[in-house]
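Reading the structure
Each chain is listed here by its residues.
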Amino acid sequence: VVVCRMNGLLEVLEVKTGKRISHVDLGPDIALATVTAMAACPSMKYVLVGTSAGLLVFVSSEALLGDEKRVLHVNRMHSGPVTTIWFDDLGCTFATSSSADKKLFIYNALPQKAFPVMAYIDLPSPLLNISSAPLSVEGKPRFLELFALLASTSTAGQEDEGGVRPKMESGDTVLCLSLQIDDQANRVLKPCLDETLRMDVQKYCGKYVTLSEPCTGISVTVTRSESVKLIATSAQRLCLLEMEAKPRAVDQEPGGKVPAAGDGPASGSLTFGPVDILEGPQLRGGHVQRSLRGDILLSHGLDGQLACGLLSGWSQRSTSTLHSHRTGGCGTAVMTWDGKDIISAGGDGVIACSALVPTTADTRKVGAESLVHSRRAKTIMIDIQQQQDDASPMVNMTPLSCDEIQEGQKSLPWIERKIMEVQETTKEKFAAERNALVADVGKLRDKLLALIAENEEKPDLERLDRAEFNLDTEESSRLIQEGNRQAREVREELELKNIANEFLSELIRQECWDGMEVPGKALKGFHTDLEVKNFVLPKEDPSFKAEIAYLLQQRELELAELKERTKLETEAMPEVPAAEDIDPDLDEGGTAQQQHDELGLHCSLEGSIAHTLGGRHDMSYRQLELCSRTRVYFQIHIIKHSLRNMKQTFNKEFDALLMQKESEVGRTQERNTRMAKIIHDLDLNEKLFEPSMSLDEQPERLLTVEESEIKAEKWIPAEEREKLEEQARLDEARRLAEMGDRPRERALDQMMQGRLEIDPEEELFKDIPTPEFMDNKIKELWTEEERKIAKDHLATVSKLEEDRVKHKKALEAEFKKLQSSVAEAVTAFDEKLQKLHESKLERQTAICQEEMKLSRLSTWLLTEDELCQIDFEIAAELESSRDAKTELEKVIEKAEGDNENTRQELEVRLLDDKALERNFKRDFGDREGISDLLVKAFRRRPKQLRKAATLVTIEPMPQSFNRVKTPPPEAAIPKEMEELDSMACCPEGVDAPTWNLVVSARRKKMKSEKRVRQLNHQIAEMTSFVRARSKEKDCMSSVVARLTQRLSELRREREKFYGNLPLQLLLKQGQVEIVPGKFVTDYRGSELIDRSIIDKFNIDIKSLGDAKVATMLTGIEGKKGIYVLEWEHRKMKMQIEDLDRQAQVVNGLRVTKELQKHLIADNPRGEHHHYIDRLESSLERTDELHQQRMARLNKGLRNIKQKTQTREQENSDMDEQITARYTTVMDRIHLEKTFEPGDRQRLDKQKTKMNNMVQRSHAVTTAKRQGEQIASLRGDLERWRLKTFPVLPFM
């Protein structure tokens, strides 16, 4: 898979794993443009990339596999971004389009002739999608049928609501083209093209078809019955349309009018009839594609879902969501050549590869047929390539160099180059005719100019008007009218633009200048990049000013009342000692520290530093006093007022410094004028510092346009031009009159060079003229008078030189003084600007802190309003719920009373009913033989009446209490009652009078039963009604309880809210013991503690820490003593063990081995000889050891002799030193004799002490050496003892 990013990075990815195989960067080749479209040729191994600059870059895909960039061809085809690149199924032809120039180019896809253009079409609107009917692979391709979907002008470039993702453009016009391709040359046949290869759609190759509704994508397929079907995506569905006539028939019967480029499309004779509606993407819009053969469809859109299935079985399609709809869904999707995989890319940057899963046997069959079809199509493509002139065009093409690529980028669009080429060809073709016409026109022009020149020489009466020489008056008048019309249109357009600009400027001026009390200005330093801006203040609203005055008046009344109340309370309290009674010494210490602490505490509690900068009003509340809505409202307004005053105070300082800068600039310019004159006089190479006021410092200059800012030549009307010329003529006449003979001015110019006063500086720079004799005569020929004149001249010249030197030094001193004054003024201003900047930073800090207070107080008000509103709503709902509950209680009470009355009536009716039955049995029970029949007849009832009686129990629950009367169930059965009462139902043996009595008794009994049933039914309804209302009452009670609890919780929350005041505190660094958050630190679980308490805690902690350290040191010393005692105890125990072991050795019996063997042996003599032999061997071994020892001793003796010789040499050296020192000692003895007795005794003591120390050192060394020898001997003795005398263990 080849993927191209917008920056021009081409990547080759493996389909199965997604691993990047290679990559090539086209960024340097496409310069600053971005990639807008990309497609790969199905037949040839190259990739086509389109850019935003209209370039088409052909890159070899074979070189991509080896990380090699091989650009085959670069061509600029469009004047805007390439939006569409399309290849046909066989890869013989491809097409490109751009939304900028609205042109569709059709190319030859074979690269043997640098991808030539076969034709192009002017489209009325941008191209959205293009598709073609599947080509038949049974024979040679003859016709290429294209279907292009054009965008509607109303939907182009729109965005979705909210700007989340771009709205997919839609169109309702389809351009149907049928191109006849030459198989040998692989190009469109010429009859439908002009010289620039432009197709005339109206005459030859196609029609415009208008669809019934707009769609976002189309695809075309051909069924087996050779009917062309168009699949269009529209409004979350796929519309299947069938073409009633094929486009290729249009070539034979051209007709119909087609709009030109830029006009609206018109419908042709072709129409698409609706066939079926299929389910499409879930979101509006989408695209649809078909497989190579056209049986399989692939749908994708903004919802990110891919749907793939058979056209005939779209309901059984397979769907998968591979991209997110939040990022634009799936942007593009393609099926591979073999139809096995689908590759898609979305706005989320994900490239997905999914396998085409066959859902049914038909799908697998179609996939196999598509594979066979693709192979056959590839075979045909190979045949077409072999028919070309070059056998392997890709091999023969050489890659472009960097210069060729750059040349292709800088070239003109193809259509412009083609038009220029056609013009050159036409010019060469008709060069002779053109030259002849130019010659004739030239002759005619010369003749006309001659007549005009001759006409100019004629007298006025005979001279013709210039317009009479016009050969084509109609064309001349037309051009004049056209020029006047264009000038009028341009004038109207400029007037409208000027009006719009004036309106905008006036609007901006009103909002940003006139509506401001203090407009924005910026003050810049002279030698620093520091820039300080003032505070922009809009004009204060009079209503706000009046409200502030009213609030301040109310606050004054409140403070006066508080003062009087405090005074009364103070008078009522007992007297306290006066301040004089307190010791002044106690009050003096810590007064300054107390004031400093109070100031810091005041800043901390106020939550800002505004009061230190004059930004706090005297009548404002403190933060702990803001416990009501009225106070919070007053505080918000007073803070706003204080902020405005603070800004106004800073603006006054800013304006004062701005005026100072203006004055400094003026003074510096005056000094620069003088310094420039000094530089000119002294011919210095110095640059002057020339300050000026910028537009940020004087923004009012933006509102006025100076003449120097207008670069264009000012247009002056004819009337005003005449007035200006007349005024210039009068001024020139006045000037000439003033330049006449004026004796006074002429005398002033001749005598005093036109000035009444002489400038001494200019006189210094004038040279004194040298007398003529000094230049003409030699010095020896001068006369006495001339010598005197020459002497005076030399004296004058030397004096002038001295004056010039003095003047130069004075000018240099003045120049340095002016320079230093300018530098000092500039430095002083920059320092003041730095201080002003620091002041603004402090004020901005205070303003931000006060604005934070405002936001907190506003939030408090909003929260309080919300709580009040919720309280009101809950209280209203609770009141309505209680009223509804009261109404239900009344209804239930009334219903229960009526139900009780009905039950009592029912009991009475039941007793009467039983009495009727007893009376009947009593009256007719004495008749023998017919009494049972009469009882049965008395109890007999109609069937419908019995059914009605059984249905009474399953009636639905009544909805209201008022429906207690039900229609009688016998109303519908009078006919059955008449049948039962007739004599036909009379038992045998019963006469008519008796039967009539029975019928009347039965009727009476049925009436009583009817009333009983009615009462039962009424009681059931009333019981159900009471039960339903009771449930509603319980529900309402729970609602009332819930609302009551919620209201109480809300009111507790309100009380807590009123008591939990929002405080803004200023905390210094190091005083916050809360872990800071990333953005805002949470102080909800923290407490505010006074600093004195913390200091006291720190002192207590320090004292306790010192005490703990002392205790720990005492414990350590005690532990050291315990360790010493334990060590001594262990030492004593070890000594005891050693002593016990020595006692055991002393008390033990020592028996030698020889004695044991002598006692045990049977032959003592043999043992004796054995002992002698062992002693001899022991003596021999001892002798050997002695010889070895003697050898070691001899060796040691030799070493000692060598050391002795060395010592002797050292002793001889020491003797010489002793001899030398003896002299020194004698001298010292001689000197000691001169000492006093006390000094000699002190020296004797020191010498004795030194000798004792030396003797002690020798004694200690000898003791250590002897101790070591004793320890070694003891070890040897113990070792030999253990070898000779075994120790028997104790029993």
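What counts and how
- Sequence order sets the numbering: in each chain, residues are counted from 1 along the sequence as written.
- For this predicted model, a pLDDT threshold of at least 70 governs which residues receive local features, and a threshold of 80 or more governs which side-chain atom pairs are given and counted, while totals over whole chains, interfaces and linings are taken from all residues.
- In computing side-chain values, all of the structure's heavy atoms are included and hydrogens and water are not.
- Comment: elements are numbered from the N terminus, with helices defined as DSSP H or I runs of at least four residues and strands as E runs of at least two.
- Partly exposed describes any residue whose relative accessible area lies between the buried limit of under 20% and the exposed limit of over 50%, with all areas from a 1.4 Å probe on protein chains only and scaled to the type maximum.
- The criterion used for residue contact is that any of the two residues' heavy atoms lie within 4.5 Å.
- What goes into a patch is any residue over 30% in relative accessible area without a salt bridge, connected to like charges within 9 Å or, for nonpolar side chains (Val, Leu, Ile, Met, Phe, Trp, Tyr), within 5 Å.
- For every accessible area listed, the method is Shrake-Rupley and the probe measures 1.4 Å; residues are considered covered only by the protein chains on display.
- One side-chain nitrogen of Lys or Arg within 4 Å of one carboxyl oxygen of Asp or Glu is enough to make a salt bridge.
- Positive charges are assigned to Lys and Arg, negative charges to Asp and Glu, while His and the chain termini are left out of the count.
- Here the site of a charge means NZ on Lys, CZ on Arg, CG on Asp, or CD on Glu.
- A strand pair is defined by DSSP finding two or more bridges across the two strands.
- Here the axes come from fitting lines to C-alpha atoms, over the contacting stretch only for helices, and the angles between their N-to-C directions go from 0 to 180 degrees.
- Two rings from Phe, Tyr or Trp (for Trp, the six-membered ring) form a pair when their centres are within 6.5 Å of each other. A pair whose planes differ by under 30 degrees is stacked, one over 60 is edge-to-face, and the rest are tilted.
- As used here, the term nonpolar core means buried Ala, Val, Leu, Ile, Met, Phe, Trp, Tyr and Cys residues forming a set that is joined through side-chain atoms within 4.5 Å.
- Orientation labels follow simple angle bins: below 35 degrees gives roughly parallel, above 145 gives roughly antiparallel, 65 to 115 gives roughly perpendicular, and whatever is left gives oblique.
- A clockwise turn of the near helix away from the far one marks a right-handed crossing, whereas an anticlockwise turn of less than a right angle marks a left-handed crossing.
- Under the scheme applied here, ten amino acids are nonpolar (Ala, Val, Leu, Ile, Met, Phe, Trp, Tyr, Cys and Pro), four are charged (Asp, Glu, Lys and Arg), and all others, including Gly, are polar.
- pLDDT expresses how confident the predictor is about each individual residue, on a scale running from 0 to 100.
- By this rule, a helix spans an expected 1.5 Å times one less than how many residues it contains.
- What the arc describes is the spread of directions from the helix axis to the C-beta atoms.

Some points on the overall build of the protein
The secondary structure content of the protein amounts to 25 helices and 30 strands. Put simply, the protein has 1291 residues, and 30% of those count as buried. Residue pairs at least 24 apart in sequence account for 63% of intrachain contacts in the protein once pairs closer than 6 positions are excluded.

Here we look at a negative patch on the surface
A grouping of Asp 1173, Glu 1176, Glu 1180, Asp 1183 and Glu 1184 is seen on the molecular surface, where their side chains present a negatively charged patch. Of note, Asp 1183 is situated in helix H24 (residues 1164-1233). A relative accessible area of 40% places Asp 1183 in the partly exposed class.

Points about the sheet that holds strand E25 (residues 341-346)
The sheet built from three strands is open, its strands ordered E24-E25-E26 with antiparallel pairing. Since the sheet does not close on itself, it has two edges, and those belong to strand E24 (330-335) and strand E26 (351-355), each with one partner. Strand-to-strand twist in this sheet, taken as the mean axis angle between neighbours without regard to direction, amounts to 20°. Across five bridges, the pairing between E24 and E25 is antiparallel. When the bridges of E25 are listed, Cys 330 appears paired with Gly 346.

Brief notes about the packing of aromatic side chains
Applying the stated criterion across every chain, the model contains 16 aromatic pairs. Ring centres of Tyr 46 and Phe 58 lie 5.9 Å apart, and the angle between their planes is 55°; this geometry places the pair in the tilted category. Taken as a pair, Tyr 46 in strand E5 (residues 46-51) and Phe 58 in strand E6 (residues 55-60) lie far apart in primary sequence, twelve residues in all. As far as the burial class goes, Tyr 46 and Phe 58 line up, both buried.

Quick word on the nonpolar core
Leu 523, Val 632, Leu 833 and Leu 836 are the most contacted members of the largest nonpolar core, which has 46 residues in total. Put simply, the parts of the chain that give this core at least two residues each are helix H9 (542-572), helix H12 (629-682), helix H17 (784-924) and helix H21 (992-1059). The greatest single-element share of this core, amounting to 14 residues, is contributed by H17. Counting 45 residues, the second largest nonpolar core, distinct from the first, contains Cys 41, Trp 86, Ala 119 and Leu 144.

Quick look at the packing of H9 against H12
Contact geometry for H9 and H12: axes closest at 10 Å, N-to-C directions at 125°. In terms of orientation, H9 lies oblique with respect to H12. Crossing of H9 against H12: the hand is left-handed. Residues Phe 544, Glu 547, Ile 548, Leu 551, Leu 552, Arg 555 and Glu 558 of H9 pack against Arg 631, Tyr 633, Phe 634, His 637, Ile 638, Lys 640 and His 641 of H12. Its residues assigned to classes, the contact of H9 with H12 shows seven nonpolar, two polar and five charged.

A look at the packing of helix H6 (residues 414-429) against helix H7 (residues 431-456)
Close contact between H6 and H7 brings their axes to 5 Å; oriented N to C, the two are set at 75°. Taken together, the axis directions place H6 and H7 in an arrangement best described as roughly perpendicular. Residues Lys 427, Glu 428 and Lys 429 of H6 touch H7, and the partners they reach there are Ala 431, Glu 433 and Arg 434. The residue inventory of the contact of H6 with H7, partitioned by class, reads one nonpolar, no polar and five charged.

Remarks on a nonpolar patch on the surface
A grouping of Ile 1089, Ile 1093, Ile 1094, Phe 1097 and Ile 1101 is seen on the molecular surface, where their side chains present a nonpolar patch of about 450 Å² in accessible area. With respect to the element layout, Phe 1097 can be found in helix H22 (residues 1091-1147). For Phe 1097, a relative accessible area of 45% translates into the label partly exposed.

Looking at the sheet that holds strand E21 (residues 296-300)
Pairing within the open sheet is antiparallel, and its four strands lie in the order E20-E21-E22-E23. What marks the edges here is a single partner per strand, and that holds for strand E20 (287-290) and strand E23 (318-321). For this sheet, the mean angle separating the axes of adjacent strands, direction not counted, is 15°.

Section: the pattern of salt bridges
Inspection of the entire model under this criterion finds 35 salt bridges. Across the pair Arg 478 and Glu 475 runs a salt bridge whose closest N-O atoms are separated by 2.5 Å. Placement of the pair is Arg 478 and Glu 475 together in helix H8 (residues 473-514), with a separation of three residues, close to one helical turn. Note on Arg 478: relative accessible area 42%, which makes it partly exposed. Across the salt bridge formed by Lys 1005 and Asp 913, the nearest N and O atoms sit 2.8 Å from each other. Placement of the pair is Lys 1005 in helix H21 and Asp 913 in helix H17, with a sequence separation of 92 residues. We note that Lys 1005, like Asp 913, is buried. Sharing partners across several salt bridges, the network here consists of Lys 103, Asp 122 and Arg 198.

Quick notes on unusual backbone geometry
Trans is the prevailing form of peptide bonds, just as negative phi is the prevailing case for residues other than glycine. With a phi angle near 55°, Lys 102 is a residue other than glycine that sits in the positive phi range. Following the sequence through the fold, Lys 102 ends up in the loop between strand E9 (93-98) and strand E10 (103-108). Residue classification places Lys 102 among the partly exposed positions, given a relative accessible area of 30%.

What about the side chain of His 323?
Relative to the helices and strands, His 323 is located in the loop between E23 and E24. Taking the relative accessible area as the measure of exposure, His 323 reaches 3% and is therefore buried. Discounting residues that sit within four places of it in the chain, His 323 has contacts with Asp 303, Gly 304, Leu 306, Gly 329, Cys 330, Ser 344, Ala 345, Gly 346, Asp 348, Val 350 and Ala 352.

Re the confidence of the model for the protein
Mean pLDDT over the protein stands at 77; residues scoring 70 or higher make up 75%. At the low end of the mean pLDDT range in the protein sits helix H10 (residues 584-588), at 42; at the high end sits strand E29 (residues 531-533), at 91. Per-residue pLDDT stays below 50 along residues 576-593; that stretch engages in zero contacts with residues further than four places along the chain or on separate chains.

Things to note about H6
Here H6 contains 16 residues, and its C-alpha end-to-end distance of 22 Å stays within 8% of the 22 Å for a straight helix at 1.5 Å per residue. Within the span of H6, buried status applies to Trp 414, Ile 415, Lys 418 and Val 422. Each buried residue of H6 sits inside an arc of 95° when the element is viewed along its axis, so together they form one side. In this structure, the buried residues of H6 make contact with strand E7 (71-76), E10 and strand E11 (117-122).

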